[in-house]
Every structure is written in structure tokens, then in C-alpha cells.
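Secondary and tertiary structure notes
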Amino acid sequence: MKDFPRTNNDLEHAFGMLRHHQRRCTGRKVAPSSLVIRGSVKLACAIATKLHSFTASDLAQVDIDTWLELRSQLQKHHKARIEQYRFRRDPKGYLANLESRLL
């Protein structure tokens, strides 16, 4: 933990490096929206891989229950973003569908 960012300035620098890397990898001018949802995981992975080189046996030691819990949280966020997109695209249709399900 000694090499993790200690101050807000260091943490902002780490986020900036991650955004820059994501833009370069995807070829887009802005960071992908998945960075908002999975940013906590991606930032921790980016910092950890910079500090240590992991092998397959290291990755095989992951707690499956913790991983499944994280996946379910990500899936909930993904579903919420899909609903937001559907509402923005067709608010009247979205609300009519919601109303018909409630009645």
C-alpha cells in the first residue's frame, strides 16, 4: 500500500493517467462511459499492475464469492444505465410502459 496515491492531487493524477490510457486504447477523444461504471475496478487494476506483475496462479486465487458480488453490482449499474437511455430516447413510451406494468 506504500505506493498507492496518498493525496487528492496524486489520486487525480492517477485518474488522469487512466483516462488518458483509455482514450489512447480506444482511439476516442473522451474516455469511454464504462470508465464511470467500472472506474473503481479499472483504477485499482491499473495501479496494482503498475506495482506488480501478476501470474495466472495469482489470479486463480481470487475469492469467487467476492467476484460474483462485484459482478452483480456492475450488472445493476448496467441495467440502470440502460433504463436511463431508454427514458432519454423515448420518455413518453417509457412512462407508458412503466404505467401499464404498474396497473
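Every value quoted in this text rests on a predicted model; they were computed, and no experiment measured them.

Criteria and thresholds
- Residues numbered from 1 in each chain as written.
- Predicted model: local features only at pLDDT ≥ 70, side-chain atom pairs only at ≥ 80, totals over all residues.
- Heavy atoms only, no water.
- Helix = DSSP H or I, 4+ residues; strand = E, 2+ residues; numbered from the N terminus.
- Buried < 20%, exposed > 50% of the residue type's maximum accessible area, 1.4 Å probe, protein only.
- Contact = heavy atoms within 4.5 Å.
- Areas by Shrake-Rupley, 256 points an atom, 1.4 Å probe, with all protein chains shown as cover.
- pLDDT = per-residue confidence, 0-100.
- Axes fitted to C-alpha atoms, helices over the stretch in contact; angles between N-to-C directions.
- Parallel < 35°, antiparallel > 145°, perpendicular 65-115°, else oblique.
- Nonpolar A, V, L, I, M, F, W, Y, C, P; charged D, E, K, R; others polar.

Focus on the overall build of the protein chain
- From N to C terminus, the protein chain includes five helices and zero strands.
- Counting from the amino terminus, the protein chain carries its helices and strands in the arrangement α-α-α-α-α.
- The buried share among the 103 residues of the protein chain stands at 10%.
- Partitioning the contacts of the protein chain with sequence separation of at least 6, the portion at a separation of at least 24 is 46%.
- Accessible surface computed for the protein chain: about 8,900 Å², of which carbon and sulfur atoms make up 56%.

Describing the environment of Met 17
- Locating Met 17 in the fold gives a position in helix α1 (residues 8–26).
- Using a relative accessible area of 37% as the deciding quantity, one classes Met 17 as partly exposed.
- A C-alpha to C-alpha distance of 9.5 Å links Met 17 and Leu 43, two positions 26 residues apart in sequence.

Side note on the confidence of the model for the protein chain
- Scored by pLDDT, the protein chain has a mean of 79; 84% of the residues are at 70 or more.
- The spread of mean pLDDT over the elements of the protein chain runs between helix α2 (residues 34–51), the lowest at 71, and helix α5 (residues 91–102), the highest at 89.

A word on the packing of helix α4 (residues 64–89) against α5
- With their axes 5 Å apart at the nearest point, α4 and α5 run at an angle of 120° to one another. The angle between α4 and α5 falls in the class oblique. Side by side, α4 and α5 meet where Glu 83, Arg 86, Phe 87, Arg 88 and Arg 89 of the first sit next to Pro 91, Tyr 94 and Leu 95 of the second.
- Taken together, the residues of the contact of α4 with α5 sort by class into four nonpolar, no polar and four charged.

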